[in-house]
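# Fold and geometry: a report
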Amino acid sequence: MRKLGEDIREARLRRNLSMEIVAERAATSRATLTRLEKGDTAVSVAILAGVLQALGMLPRLADLADSAEDPQGLEISRESLRQRASSPRARGDKDE
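Residues numbered from 1 in each chain as written. Predicted model: local features only at pLDDT ≥ 70, side-chain atom pairs only at ≥ 80, totals over all residues. Heavy atoms only, no water.

An unreviewed UniProt entry annotates the protein as XRE family transcriptional regulator of Alloalcanivorax profundimaris.

Okay, structure coming up:
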């Protein structure tokens, strides 16, 4: 979280945006933005999303848990994949 906060602060400074402007655009307080930039884990994901939106970085949040970028999950899926397919079984009539 500390690195995320530092990265957000750096992104804000690169854009030459003050804390007041970003906090206002994110509908939060300057104090909360300060906590986020310091890596406070108590800051909500909604505030994080608002700040990323204010910085024009919100689309990157959608990629955070992208299943296509999850090598461990993909490996688990491959391991549990069936080795061969089977034909549908013919059902006998029960009315006989």
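We are not done yet, so read on.
### Describing the overall build of the protein
Per the secondary structure count, the protein includes 6 helices and 0 strands. Secondary structure elements in the protein, listed N-terminal to C-terminal, are α-α-α-α-α-α. Here the C-alpha atoms of the protein give a radius of gyration of 24 Å, more than 25% beyond the 12 Å that 2.2 N^0.38 yields for 96 residues. Overall size of the protein, expressed as C-alpha extent along the three principal axes, is 80 × 30 × 25 Å. Burial analysis of the protein (96 residues in total) assigns 26% to the buried set. Long-range pairs, those at least 24 residues apart, make up 52% of the contacts in the protein between residues at least 6 apart in sequence. Summing over all exposed atoms, the protein offers an accessible surface of approximately 7,900 Å²; the carbon and sulfur share of this is 50%. In the protein, the 17 positive side-chain charges and the 16 negative ones have mean positions that sit 4 Å from each other. (Helix = DSSP H or I, 4+ residues; strand = E, 2+ residues; numbered from the N terminus. Rg over C-alpha atoms; globule rule 2.2 N^0.38 Å. Buried < 20%, exposed > 50% of the residue type's maximum accessible area, 1.4 Å probe, protein only. Contact = heavy atoms within 4.5 Å. Areas by Shrake-Rupley, 256 points an atom, 1.4 Å probe, with all protein chains shown as cover. Lys, Arg positive; Asp, Glu negative; His and termini not counted. Charge placed at Lys NZ, Arg CZ, Asp CG, Glu CD.)

### Some details on the UniProt feature "domain: HTH cro/C1-type" (unreviewed entry) in the protein
When the UniProt feature table is mapped onto this chain, "domain: HTH cro/C1-type" (unreviewed entry) is found at residues 8-61. Split by type, residues 8-61 is 67% helix and 0% strand. Its first and last C-alpha atoms lie 12 Å apart. (UniProt positions renumbered as here; feature names shortened; annotations may be inferred.)

### Some words on the environment of Ala 65
You can see Ala 65 is positioned in the loop between α5 (58-62) and α6 (71-80). Placed 36 residues apart in sequence, Ala 65 and Ser 29 show a C-alpha to C-alpha distance of 28 Å.

### Comments concerning the pattern of salt bridges
The tally for this structure, following the rule as stated, stands at 6 salt bridges. Glu 10 is the salt-bridge partner of Arg 14, the closest N and O atoms lying 2.2 Å from each other. In this pair, Arg 14 and Glu 10 are both assigned in helix α1 (residues 2-14), 4 residues apart and thus about one turn of the helix distant. Since its relative accessible area comes to 39%, Glu 10 is described here as partly exposed. Glu 20 is the partner of Arg 30 in a salt bridge, and the nearest nitrogen-oxygen pair spans 2.9 Å. Separated by 10 residues along the polypeptide, Arg 30 in helix α3 (residues 30-37) and Glu 20 in helix α2 (residues 19-25) bring together distant segments of the chain. For Arg 30, a relative accessible area of 44% corresponds to the partly exposed category. A residue is classified by how much of its surface remains accessible, and Glu 20, at 46% relative accessible area, is partly exposed. (Salt bridge = Lys/Arg side-chain N within 4 Å of Asp/Glu carboxyl O.)

### Observations concerning the nonpolar core
One finds Ile 8, Val 22, Leu 33, Leu 36, Val 51 and Leu 55 to be the most contacted residues of the largest nonpolar core, which totals 17 residues. It is helix α4 (residues 45-54) that provides the largest number of residues to this core, a total of 5 residues. Excluding anything up to four places from it in sequence, Leu 33 contacts Arg 12, Met 19, Val 22, Ala 23 and Val 51. (Core = buried A, V, L, I, M, F, W, Y, C linked by side-chain atoms within 4.5 Å.)

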